[in-house]
Every structure is written in C-alpha cells, then in structure tokens.
Amino acid sequence: MNKRILIIALILSALLSGCWDVDEPERMLYIHGVGVDFKDGEYEVYAQIIDFTNTAKTEQPVTNPVQSEVGHAKGKTIDEAIFKLYHSIDQKVFWGFFSFIIFTEEALKDGRANPIIDNFLRYRETRYQIWMYGTNDSIQDILLATPIINKALILSKLGDPENSYEQESFIKPINFRELIIGLNEPNHEIAIPFISVNKTWANEKGGTNTTALSGVGLLSPKEFKGYMSADKIRGLQWMTKDTKRGEVTVKIDSNDSVEFTVVVDKLKVKVKPVVRKSDVKFDIDLKMNVTVSEFHGDVSSEEIKKGVIKEVEKEINDTYKDALNQNTDIYRLSEYLYRNNFKAWKKHQKNGKVELNEDSIQNINVKIKKLKSQRKSFTETIDK
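Now for a description of the structure that goes with this document. For clarity, every value in this text was computed on a predicted model and none was experimentally measured.

### Description of the overall build of the protein chain
Now for step 1: Scanning the protein chain for helices and strands turns up 10 helices and 18 strands.
Now for step 2: Looking at the protein chain as a whole, 45% of its 384 residues are labelled buried.
Now for step 3: The long-range fraction of contacts in the protein chain, counting pairs at least 24 apart against all pairs at least 6 apart in sequence, stands at 68%.
Now for step 4: Summed over all atoms, the accessible surface of the protein chain reaches about 21700 Å², with 48% contributed by carbon and sulfur.

### Some points on the pattern of salt bridges
Now for step 1: Here the structure, examined in full by the defined rule, presents 18 salt bridges.
Now for step 2: Note that Asp-79 and Arg-122 form a salt bridge whose closest N and O atoms lie 3.8 Å from each other. With Asp-79 in helix H2 (residues 78–87) and Arg-122 in the loop between helix H4 (113–121) and strand E6 (131–135), this residue pair connects regions lying 43 residues apart in the sequence.
Now for step 3: The class of Arg-122 is exposed, set by a relative accessible area of 58%.
Now for step 4: With its nearest N and O atoms 2.4 Å apart, the salt bridge here joins Glu-189 to Lys-225. Taken as a pair, Glu-189 in the loop between helix H7 (176–184) and strand E7 (190–198) and Lys-225 in strand E11 (residues 224–229) lie far apart in primary sequence, 36 residues in all.
Now for step 5: Accessibility expressed as a relative area gives 4% for Glu-189, which makes it buried.
Now for step 6: Residue class for Lys-225 comes out buried when judged on its relative accessible area of 16%.
Now for step 7: Here the salt bridges share partners, and the residues they tie into one network are Glu-185, Arg-332, Glu-335 and Arg-339.

### Describing unusual backbone geometry
Now for step 1: The residue after Pro-186, namely Asn-187, is reached through a cis peptide bond having omega 15 degrees.
Now for step 2: Inspection of the secondary structure assignment puts Asn-187 in the loop between H7 and E7.
Now for step 3: Phi at Asp-40 is positive, roughly 50 degrees, even though this residue is not glycine.
Now for step 4: One can find Asp-40 in the loop between strand E1 (28–39) and strand E2 (42–50).

### Points about empty space enclosed by the protein
Now for step 1: Tallied over the full model, the rule gives two cavities of 30 Å³ or more.
Now for step 2: If you add up the space inside the largest cavity, you get close to 60 Å³.
Now for step 3: The wall of the largest cavity is formed by Ile-31, Val-34, Val-45, Ala-47, Ile-82, Leu-85, Tyr-86, Ile-89, Val-93 and Trp-95.
Now for step 4: Only E1, E2 and H2 provide two or more residues apiece to the lining of the largest cavity.
Now for step 5: Per-element tally for the lining of the largest cavity: the top contributor is H2, with three residues.
Now for step 6: Tallied by class, the residues present in the lining of the largest cavity amount to 10 nonpolar, no polar and no charged.

### Looking at the packing of H2 against H4
Now for step 1: Relative to each other, H2 and H4 sit at 50 degrees, their axes nearing to 10 Å. The orientation of H2 relative to H4 falls into the category oblique. Side by side, H2 and H4 meet where Ile-78, Asp-79 and Ile-82 of the first sit next to Ile-116, Asn-119 and Phe-120 of the second.
Now for step 2: Split by residue class, the contact of H2 with H4 holds four nonpolar, one polar and one charged.

### Points about the nonpolar core
The nonpolar side chains of soluble globular proteins are, as a tendency, buried together.
Now for step 1: Within the largest apolar cluster, 46 residues are counted, with the highest numbers of intra-cluster contacts made by Val-262, Leu-286, Met-288, Val-308, Val-312, Tyr-331 and Leu-333.
Now for step 2: Where this core is concerned, the elements lending two or more residues are strand E10 (210–219), strand E12 (245–251), strand E13 (259–275), strand E14 (280–295), helix H8 (301–324), helix H9 (333–340), helix H10 (342–348) and strand E17 (361–373).
Now for step 3: For this core, the leading source of residues is E14, giving seven residues.
Now for step 4: Beyond its immediate chain neighbours, meaning those up to four positions away, Tyr-331 contacts Gly-235, Leu-236, Met-239, Glu-315, Ile-316, Thr-319, Tyr-320, Tyr-336 and Ile-361.
Now for step 5: By size, the runner-up hydrophobic cluster in this structure holds 37 residues, among which are Ile-49, Ile-116, Leu-183 and Phe-224.

### A few points about the pairing of E7
Now for step 1: Along E7, seven of the nine residues are buried, which leaves the element largely enclosed by surrounding structure.
Now for step 2: Alignment of E6 against E7, held across two bridges, turns out to be parallel. The partner of Thr-135 across the bridge, within E7, is Ile-195.

Thresholds applied
Residues numbered from 1 in each chain as written. Predicted model: local features only at pLDDT ≥ 70, side-chain atom pairs only at ≥ 80, totals over all residues. Heavy atoms only, no water. Helix = DSSP H or I, 4+ residues; strand = E, 2+ residues; numbered from the N terminus. Buried < 20%, exposed > 50% of the residue type's maximum accessible area, 1.4 Å probe, protein only. Contact = heavy atoms within 4.5 Å. Areas by Shrake-Rupley, 256 points an atom, 1.4 Å probe, with all protein chains shown as cover. Salt bridge = Lys/Arg side-chain N within 4 Å of Asp/Glu carboxyl O. 1 Å grid on protein atoms, 1.4 Å probe; cavity = no way out; pocket = protein on both sides within 12 Å on 5 of 7 lines; lining within 4 Å. Points joined across faces, edges and corners; volume = space filled by probe spheres on them. Nonpolar A, V, L, I, M, F, W, Y, C, P; charged D, E, K, R; others polar. Axes fitted to C-alpha atoms, helices over the stretch in contact; angles between N-to-C directions. Parallel < 35°, antiparallel > 145°, perpendicular 65-115°, else oblique. Core = buried A, V, L, I, M, F, W, Y, C linked by side-chain atoms within 4.5 Å. Pairing = 2+ DSSP bridges.

This is the structure we're talking about:
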C-alpha cells in the first residue's frame, strides 16, 4: 500500500509545473534612474544600473565601492535608444525598481515631456510614483554622483526625496502622477524640481560629487516656460500645503546689524479668491509656528514676529512677480478659483488660466501662532 502511494506521488509530482518563466534575480540588471536629453533631432537616453550590495544591512564592509554604472545611447525615438542600450547589456533588464527620471531643458521643450512619460508608463513594470527632475548639468555626472558616506543609491535624494523633504521642505518633489494631474487641471502648469551636481562635501580621499536642488522648471503641456533658480523661488515653500519645515533669516534694524534665523513648521495655507465684475483678486492667509534657532543682539518677541512676517510676505511677492515675468501662475491661483467658484473661473479663464497681474494678490496675512526660542525670556504662545 505504501509503495502504491509513493508511486502515485512520484507520477503526480512529475506532472506539476514549476516557475519555469521566472528569471533568477542574480541574472538580471536593475534600472534605478534614467536621464533624457534631446540633441540634433535625436533622443539621448542615459540608464543607471545599480548594485544592491549596499542596500542590505550588514556589519561587513562593502568591498566593491562601485554602486552603479551608466549607459548611454541615441535614437530617433525613446524606444530606439533603449533598444540600442540593450545591445551592450549582458543580462535581462528589470524596470520594477525604476525610481526617477531626469530631463534636460531641451528634452522638456516643445511638449516632449508628455510623450516621453507616456512611453515609460507603457512598461508594465513601471509605476506612477516615479520622481521627475530637470537639470542644466550633465546627466551622466548626476547619475554617477554618490550619496554622502556612500549610502545606498536607492536612499539618495533622487530616489527617496520625501525623506529629506521632511527636514527641509524647500522644493516639493513631484512624481508622474502629480505631474499628470497638474498639467491636466487648471492652471495646466507645474513647477518641477531642478537638480545639479554639488561639490559641498568631501572625505579623506578628496571631493565628493553629490546632487542638490538648484531651483524649479516651469512646465506646461506644450512648452517649457523657463527655469527659476533657488533664490528666486523662496516664496513657493510658503504657498505649498505639503511644507513640513523651512527656515527664514531676517535682518530687522535699519543698519542690518541684528539678524536671526527661525525655523517654520505647522504651516497652514488658505487662498481665498475675491471675485469682482472685471477681474479676480486673491487673499492669502498663512498660519505657522516659529522657533528662533539663532540670532545676534537683543530683540523682543514682537520685533521677531514683525521681521518674520515681513520677510515671508516679501518672499511670496518676489517669487510671484518673477514667475509672472515668465507668464506662469506659480502658486496655481487659477486652480483655487476653479475649485472655489467654477462659474467665475469659467468667465475669467482663458485656456484654463485666469489673467493675472502684479496686483492680483490683494492681501497676504501671516499669523504666527506660536513663537519659541532657546531664550526662555520671550518664549510665547499665541492663541488662535
């Protein structure tokens, strides 16, 4: 009886199908980042293939310091360039870890961004959570840059931007999903982070190339409207609901001799459209908590509050006006009207945008709910 059962089990096991179509992980290469440029009528694609050696937590030192290699190919289309890359790749490529894409300005111009994104989203392994960046630097240099202390590339600012955004919410990261929504809905424009090669850090072997946020690119479905450097977009962080934490440095006396830095958190933004017969104005209300981390000289809590409010208002206005010069509604004021009063938006909009001028922002009201300092003498809480 036992022999009969054994024979039946052997026959049945022979008929069982295994995972014959599953690729072995060690026989695959993994795309982590892609860069796209456009020159002389051709697309140039850069692919970053990563090594997962540094990803696993281990007490043993990593013997191979090379975390990635970058390939490069050209083609009349994105697919042609990618398939030319395949010519020189030793193993099958897996796209399931594809985390970010970098565009040059040329690749963003003339509405090229949308078809490029559509092309990558057609791969069944890719997702809408892929982060998007622009750059004015060499894509190859950026893809070859390594995180500080040689941390795993999947934990870099490019592949995992939300981590550092929690500590300093200067430029909001944008993924494919947010980009598509931003371009499809009023005002049909969006600001995408721009990055550059940074040489701020060094180790015992010399300088280290890392990446840093350098500004934003202003994008619409049909055109690239231009680039705004980091010093021009300081107001954007105060108008972004996702801002977690930021800083403001303020000078408050006539001789600019007293200065201090505050950390801003608990930010709440409310934009109220004020509809008139001939135009629309906007009132902006901000509430925030402020912590004074350093300053020189003797100042009162009231002077600090006035200084912070004045500087935040200035940054919001300056960024708004600089963006207007590039015909961009950087704070998406048109969308606030669209959500708040569709009838008025329909009356005043043109191609999804409401006509704006330097006076369209009518009032900026900044309220500091809580002021804290290491100097206990003026730690203060302000009731709502």
